[in-house]
Amino acid sequence: MQEYQIKRGYTKQLAESMIQGLRDQFGTEPRAAEDGHYSISYGALLRLEVWVGTGGKTLVVDTEADKTVDDETIIDTNRRFRNYLQQVTGYTAKERAKKAQQAVKRKE
């Protein structure tokens, strides 16, 4: 499970953009659970589950990978996943890595 910070200005529509991003990037309709969690299955992901974190300022993502798929499927799935995170959080992969490093340093 991973928690991603959301860029200022992206938090107001987080719940909607979280769902719309799944539709846009993976081309599938997410399944909704009663607890506000949404999940899909796509390519190398047996399960991709997302929900709004505490305070509504983070995106929580839990994944389960299918290790039996070919390399092309893995590459496509990873590209779509990175694009999804950028669409929802507002941060590029490089910015997300920097934010994660800062969060680790604050905890130490």
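This structure is a prediction, so every number in the text was calculated from the model and none was measured. (Residues numbered from 1 in each chain as written. Predicted model: local features only at pLDDT ≥ 70, side-chain atom pairs only at ≥ 80, totals over all residues. Heavy atoms only, no water.)

A. Expanded view of the nonpolar core. L48, V50, L59, V61 and Y84 are the most contacted members of the largest nonpolar core, which totals 17 residues. Elements with a contribution of two residues or more to this core: α1 (14-26), β4 (45-52), β5 (58-65) and α2 (71-89). The element contributing the most residues to this core is α1, with five residues. When residues no more than four places from it in sequence are discounted, the contact partners of V61 are M1, Q2, Y4, L48, E49, V50, F81 and L85. (Core = buried A, V, L, I, M, F, W, Y, C linked by side-chain atoms within 4.5 Å. Buried < 20%, exposed > 50% of the residue type's maximum accessible area, 1.4 Å probe, protein only. Helix = DSSP H or I, 4+ residues; strand = E, 2+ residues; numbered from the N terminus. Contact = heavy atoms within 4.5 Å.)

B. Focus on the UniProt feature "domain: DUF5611" (unreviewed entry) in the protein. If you check UniProt for "domain: DUF5611" (unreviewed entry), the listed places come out as residues 1-102 in our numbering. End-to-end, the C-alpha atoms of residues 1-102 are 18 Å apart, and along that stretch the chain is 41% helix and 26% strand. (UniProt positions renumbered as here; feature names shortened; annotations may be inferred.)

C. View of the environment of A33. Position of A33 relative to the elements: it lies in the loop between β2 (31-32) and β3 (38-42). In this structure A33 comes out as partly exposed when scored by relative accessible area, which is 38%. For the pair A33 and E49, spaced 16 residues apart in sequence, the C-alpha separation works out to 9.9 Å.

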